[in-house]
Structure formats: C-alpha cells, structure tokens
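Understanding the architecture of this molecule
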Amino acid sequence: MESGELKRLVESVNARDARVLDRVLGRLVDHSREIGTIRAFVGGMGLGPHSRHSMGIQISEPQVCRSGAKAFVSLLGAHPALAEGRRLEAVLPIFGPTDDDPAVFELRGEAAELLVLGALALGTDVGDIRNSIEGLVHVAMGPEAFSTVLRRLLIGRPIPEPGGREGIPASILRLRKDIERNCLVGVANALTDVSLAAQGAMPIAYATGIAALSPSVGCDGTIVTIEGTGFGPSQPQNVDVYFPTITGSCVPATVISWSDANIVVRAPSSVGPGCVGFVRRGSGGAALFKATNTLAGEMERCLGMAASAAAYRLRQAGVLGMITCPPCLPSKANFFSGGPPSIEYFSANGGFDVAAEPGDAITLSWRVTNASTVSLTRTSLAGPYTPPPAPLPTSSTHSMGAFTGLNPTTATYELTASNACGVVSRSVSVRLQKTPKLAVSAIEVVQVIQRPDNSVRLVEGKATAIRVFVDSGLTGGFDYGKGPDVMPRVVGRATAFPVGAGRGFDLGAPWAPASVDARPASNMNRDLQSHSLIFDLPANLAVGTVRIEVRAVVQDHEKDVGGPFVAFGATTVTFQARPAQEILPFLVADPLLGLPAPTLAQFFTSLRGAIVRFGISDSGFIVNPPQMYSTVRGPSIRPLTQALGWSLMLMDLATLIFVFPQSPVGGIRAGLVPTSATYAVNGMAVPRVAVSIPAMLAQNGLLGTFAHEMGHAIGLGHAACPPPCPGGNATPPDGIDGRLPGVTDATGMDMGTRTVIAAGRGEMMSYCGDTSRCPGPTRWPSTTSFDIVFDSLPI
Ligand SMILES: [Zn+2]
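We now turn to the structure provided with this report. (Residues numbered from 1 in each chain as written. Predicted model: local features only at pLDDT ≥ 70, side-chain atom pairs only at ≥ 80, totals over all residues. Heavy atoms only, no water.)

A closer look at the sheet that holds strand S21 (residues 439-446)
Condition: In this scheme, strands are said to pair when DSSP sees at least two bridges between them. Only DSSP runs of H or I with at least four residues qualify as helices, and only runs of E with at least two residues qualify as strands; both kinds are numbered from the N terminus onward. Interaxial angles span 0 to 180 degrees and are taken between N-to-C directions of axes, which are lines fitted to C-alpha atoms, for helices over the stretch in contact.
Reading across from one edge, S21-S24-S28 is the order of the three strands in this open sheet, with antiparallel pairing throughout. Since the sheet does not close on itself, it has two edges, and those belong to S21 and strand S28 (533-537), each with one partner. Adjacent strand axes in the sheet meet at a mean angle of 20° when their direction is disregarded. Two elements, strand S24 (residues 464-471) and S28, share five bridges in a ladder whose sense is antiparallel. Counted as the bridge partner of Val468 is Leu533 from S28.

A few points about the sheet that holds strand S17 (residues 373-378)
The strand order S15-S20-S19-S17 describes an open sheet built from four strands, whose pairing is mixed. Pairing within the sheet leaves two strands with one partner each, and these edge strands are strand S15 (353-356) and S17. Across the sheet, the mean angle from the axis of one strand to that of its neighbour is 20°, orientation sign disregarded.

Focus: the state of the cysteines
Convention followed: By convention in this document, the label disulfide applies to cysteine sulfur atom pairs within 2.5 Å.
Scanning the model with the defined rule gives five disulfides in all. For Cys183, the disulfide goes to Cys302, at an S-S distance of 2.0 Å. Residues Cys183 and Cys302 are joined by a disulfide whose S-S torsion is about -90°; by sign, that bridge is left-handed. Taken as a pair, Cys183 in helix H8 (residues 181-201) and Cys302 in helix H9 (residues 285-303) lie far apart in primary sequence, 119 residues in all.

Observations regarding the coordination of the zinc ion
Octahedral six-donor coordination of a metal ideally yields angles of 90 or 180 degrees, compared with 109.5 degrees for tetrahedral four-donor coordination. Basically, it comes down to this: Counted as donors are N, O and S atoms no farther than 2.8 Å from the metal, or 3.2 Å for Na, K and Ca; water is not among the atoms, and sites may therefore look incomplete. Think of it in three bands: with a 1.4 Å probe and only protein chains considered, a residue is buried below 20% of the maximum accessible area for its type, exposed above 50%, and partly exposed in between.
Of the protein atoms, only His708 (NE2), His712 (NE2) and His718 (NE2) coordinate the zinc ion, at distances of 2.0 to 2.1 Å. Going along the chain, you hit the donors of the zinc ion in the pattern H-x3-H-x5-H. The pair His712 / His718 is uniform in exposure class, with both members buried.

Some points on the packing of helix H3 (residues 66-76) against helix H5 (residues 102-123)
Note the following rule: An angle counts as roughly parallel when it lies under 35 degrees, as roughly antiparallel when it exceeds 145, as roughly perpendicular when it falls between 65 and 115, and as oblique in every other case. By the definition used in this description, the sense in which the near helix is turned from the far one sets the handedness, with an anticlockwise turn below a right angle giving left-handed and a clockwise turn giving right-handed. Should any heavy atoms of two residues lie within 4.5 Å, those residues are considered in contact. When residues are grouped by polarity, Ala, Val, Leu, Ile, Met, Phe, Trp, Tyr, Cys and Pro land in nonpolar, Asp, Glu, Lys and Arg in charged, and all others, Gly among them, in polar.
At a minimum axis distance of 9 Å, the contact between H3 and H5 shows a crossing angle of 110°. Classed by the angle they form, the pair H3 and H5 counts as roughly perpendicular. Like other packed secondary-structure pairs, H3 and H5 cross with a definite hand, here left-handed. From H3, Ala69, Phe72 and Val73 reach across to H5, where they touch Leu114, Leu117, Gly118, Ala121 and Leu122. Of the residues that constitute the contact of H3 with H5, the class distribution is seven nonpolar, one polar and no charged.

Notes on unusual backbone geometry
The linkage connecting Ser214 with the following residue, Pro215, adopts the cis geometry, with an omega of -5°. Considering the arrangement of structural elements, one finds Pro215 in the loop between strand S4 (210-214) and strand S5 (217-218). Put simply, Leu793 and Pro794 share a cis peptide bond, and its omega is -5°. Mapped onto the fold, Pro794 is located in the segment after helix H14 (783-792). With phi around 45°, Phe660 is a residue other than glycine that occupies positive phi space. Of note in this structure, Arg754 is not a glycine but carries a positive phi near 55°. Take Arg754: it is sitting in the loop between strand S39 (747-750) and strand S40 (755-757).

Purely geometric numbers; function is a separate question.
This is the structure we're talking about:
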C-alpha cells in the first residue's frame, strides 16, 4: 500500500468519525470545567504547557488531581480505540528508529506525554487496565482526526481548528504491521506495569474526623490544633498531616503531638489558604519505582529524544512518589486561612492599564481573600478621587467619579491588603486620552501654484508634490502638547496608480520631518508647509491620469487596519503633455569690467529658475549649443553699467542674423551676463515684435530675474507689486500688465528648494523680490501668469 492509499484510508475514517467527534467536542464545550480539571491533572504531573515545573529545574512530587485523572480516563474512553476496540491499518511512526523530520519529532513528544499521563491516570482508576493501555497506545499513534484532537486535549494543549486536524502529511503515514513489534509490545507491557503499580502506590487523602482548626488563621510556623474525633492514639507510620500552600499545592506539616481528639502541628513555610487533612502514602512505592524506571527506559529506546521530558517526569514520579491533596469538607471545618492575603483581582474599568476619555467615570473592582484590613488609595496627583467606604469591604466596586481634564495624564490607584502574615498591594492605572477621528481633509497636487480644488493645470513630466492635509477630528480642546485639538505625530504613505499601469507605485517617505500634527480642518493653513504631509511624485510618474491614494495614521498605530487612528483618502488628477520650447543661450563676457562669460553650467542653473516657475515639463526646454558673446564687438561697446548698454545689447540679440549657422540657432535668445553690483539693471527683455526675435538678458545667478525676463520675452508685462514697496526704494515698474495681480493669489510650491510659497508673494513679473529694486523673497507666478505661460509656450 503506498502513501496515497494510506492517506485515502485515513480520510474515509475521518468522514466516518466526524459526527461522533463533533458530539464529543460539543459536550466538552458545554462542560469546559472538564477541560480545566484535565489541565490541572496534566499540570500537577509536571507536564503540558501549564506545568508549574520546568524540566530539570524544580523537583517536586507529582501531585495527582483525582478529578482530573477521572476526566482524563473518561475522555480517553470516548475514542473508538477504547470504546469499540478499533485498530487502524495506518499509523504514525512513533516507535522505532528516529529520523530528522521535525514533524515526527513533535508527534513523538506528544505521544510520549500522552502515554505517561495515560498510564498514571489509569492507575487511579479501577478498570480493565491491560485493555485500556492497548487502546491508549493506538490513540498515541492514531493518524486520524479523532486521535489528533484527543491527544492534544488530553495533554492540555489547544486543539487544532477543523480543517487543521487532518493535516498529517501522507509521507509520514506507515502500515501498522511495519511498526517495530518489540517496541509496541515492550512499551505496552511497561505501561501496564506502571498503571498497576500506581494503583498500589497511589496515596489516599482524607479529612475525616476534623471538626475545627484552632486557630483557623495563621502564618508560617503558627501552631495549629486540629480538633475532632477518631484520629487514633498516635500518628500512623504512613500518614502525614498536609497543609495548603500559596501556590495551590500542599506540603506536609510537622506534627508536635497526636491524640485521638487533638493533633498539634506547626504550619509549614509557604503555607497558603486551603484545606488541611491527612495523606496516607501507598504501600507499593518500590514496585512503582521499578515500573516507572522500566517504562522510562523503554520510551527512550523506542521513541528517542522526543520522549525525554516525559521520561524525566516519570522517573520523578517513581522516586518521589505521588501525592494528592486533602479534600475540603462540606462544612469547611478544615479550611485554613493561611499565609499573607491574596488579591484575586484589582481592576479599573475592567483592566489594569486602561485608557479613558475625558468625562469617563473610573470604577475600581477588587476581591481580596485572607486579609484582616484592606485599603484603597490614589497614588497619582491626577485622577478623580471619591473616598471609599471605611472599613473597606474585601470584595466590592467603587466609583471614583469622572476623569476630567484637557491634557493626557495618568491616574493610579493602589489596593493594599494585610494580615498578621504580611502585606500585599497591587496598582492599576488609567490614562486620560482623547481618541482622535483622523480624516484626510484634502490632497493637493502641486507643481508651481495650486488652488485647494487642484484646478490649476498640471504638466506631464514635471516634478510634483502631493500635499496631504489630515484632520484630527478632535473637539473640545484636548491638548496633547501641540495645542488644542491637535493630534501630534501623524505619519503616512502615498501610492500613485497611473491609469493603465496596472499597478501602484509607493511614493516613499514624506518630506522631513516625515510627520504632521493633525488639526481640525478649520485650523489648517495651506500656506504653512508644516500643516501637510508632503510626498514626491517623480516626473516620470506624472503622466496621463493618475490616482493618488494616501493612508495617514497616528504613530504607533501603523498596524491598525482601520479605526479612529487611521485615515484614508484619494484623488485623481490629469497631467497634460506640453510641447517643448527651444532656447539659444548667449554667454556674455564683459572685458570692460574684466569679467569672464558665465559657463554653460551656470546658464542651466539660471534656466532652473524658469523651469520651477513655468508650466513646462522638467525637460521641456531644448537648449541649443551656446553662442559666445561680449560687451566689446570690434569698435562698438555695450557698457552694462548704463541702461543704454543693456538696451543696445538686447537689440543685438534680437536682431542678430546667423548666416550659414554651424548649429541650431532657433528659440528664445537668452543672454547671461556676469554678476556685478555696478550694473544698471539685473535684466532686460523684449517680446516678439515685428521682425525681432524674443530675447532676454539677465545677470548670472539671479533665478527669479531670469524667469521674470523670460516672462517678458513670452509676452507678459509688469505686475504692480503693492506700492509702496517694502524696501522703500522702488522704482515703480513701467508697462503694467492689467491681467496680473501684484502678488500671488494661491499657495505655491518651489520644487527647486522644496518649500511652500505662501500666497501673497511678490508676483514673478513684479519688482518685489528683485534684488536691486525692491528686495524680498524670491518672486513667484500667480495663477494668471502661470496660465498665460502654460498657454503661450512654445513661442
Ligand atoms: Zn521687467
């Protein structure tokens, strides 16, 4: 039979078992206490995930939880291997030589725990042990869903979800007859011997005859008299008095005197609340020691390393014997309130560290056992406080009142419980915060200047900024330290989806400082760079129609899928293709002042002043090979220290005729002259009139002036920048262009320096911002001059 056939066999068994398995699980869900007691049994044996012991660290007697052992045997008995004696042909290779498959290793470890726990649980029972052990072994190596689920439940681990129960790979499956016979028989025999020996060695715990404890409250070393009847004249040799411990286990106490009606003992260290009684040790200790040792050896031989944890605990059970703790009498006459108090819980609004909104009430809840006094205090300066009742009940709830305030603060409360054995305390804290309701209020797509509705046209192939404005959604004036209703530290991501690209492009981190303080939309100022998250949309993605999607989130909430700390937004814009503009550079030397001509690299720097201000793509200027020029041409000179010199040179450029040019000479004639404070003007230009060609002159390095002069060349007049000029030394411009406002009418963006240009900046075609006429921040186009240039190029 090959592995595929084995797999199909297992599948058919699973289909047959499905209904019974569901019924068994359904019963367990209704009685989750059953699972709890099984876990108590597993943990008491020092195995399973809830074990109090780590392997090899702490040696303690395995403690048999009898109700758990009973539940274990009952659940195991529901399996067809025990209920009907079913044996499957397909099994897991848990016995025999080991291999390196980690899945097999894990299965062997689980099987080993199941076998050890099963043998000891069956040892507390009085049934047909040999038959039950054989069934147990088949559950341990069962590949079908029923066994898989039961194994996990019985060793105290979470069960796999439906669908994950059938996940045993076909390659692992083996035929039962191929499993090593010696191991199968050897382990089964050794398990049976352990069960039988455990039956004999199992201790018996009881509290019969106890009428009262005096005192019934005490600490380490307290002398306690157990009052009652029928204890016998002296302490039997195999009987010990057991006291409860803080950890819920039990330990023997020192007996000082013993009579039929009074036993005087000293409470052990680590004494805790619980029931006092007697434990009669089983007589079969030697037989259990021998049987556990044999089984541990068999398991290590047949299951390998995977069985070592289970074998270790098994040997401990053999060496130390097993104990079981005394039961509580229905009258509670044997209950001892031992040790320091225990705070079972102390919570604020249901948690230990919770958040509250302004105005929320803080309700504290607690339950304390074994305390003589309990007190409740506020340990922080902040937070509401309503005096609790005195004396404070050991179990109650108390409202401290409403937590108010406009700043994030933390209130802490401490519950202290004490008795003669000690003092314990626990704290809870409540953080006052206001939950924002983040929203993307606007996404602006800007290249030079833009209105809030993105109605200024966009150019293809031009560096673009995406400005994202985030509304905090906060009201009521809560202040996180950046002002009322401001939610600090909002970060985000933006993705561009060019239509037709079939995919999105992550636009990377926003501009420094990479976060924004979100504020109510009514307090936003588009002119402030810090009021937006700004992303780069590179020129190569600014093509055709592009959908921009953004996700903004309060820092540390990056993993939130949705909710008040996350906001989404999207906008769609279209970039328009624009034709190129030819340009012919003139690099002008000034021998009159001994100044060399600017370089071509310097020309390109000046040209950037026009690119960032114009509705032209970043590669929209076709720059022809430069012409070298001079202020001295034979007998004629053009002294730039005089306005006349500038006019004559401009005329030269506009009227120059190239005969048999060596290279292309079309386009706007743009002369770049050296920089000198003694020059009469910063620049000068003429538009195309009659036969003359558009031409301009500008001093090297004045980027705003270069764009201004080229604006003239394109046909723009002057903008009347607000008289009086801020510098007071303005020569009012001539040739006012009635179309242009004096200052910018919308918020701009200088993609060269990556700075927002607030509305109201001196217009590109004004003198405000001209370094020699009316100094100020660099001039910028209004939407009007932007549109005129957009529609005029090329000329
Ligand atoms: Zn001008």
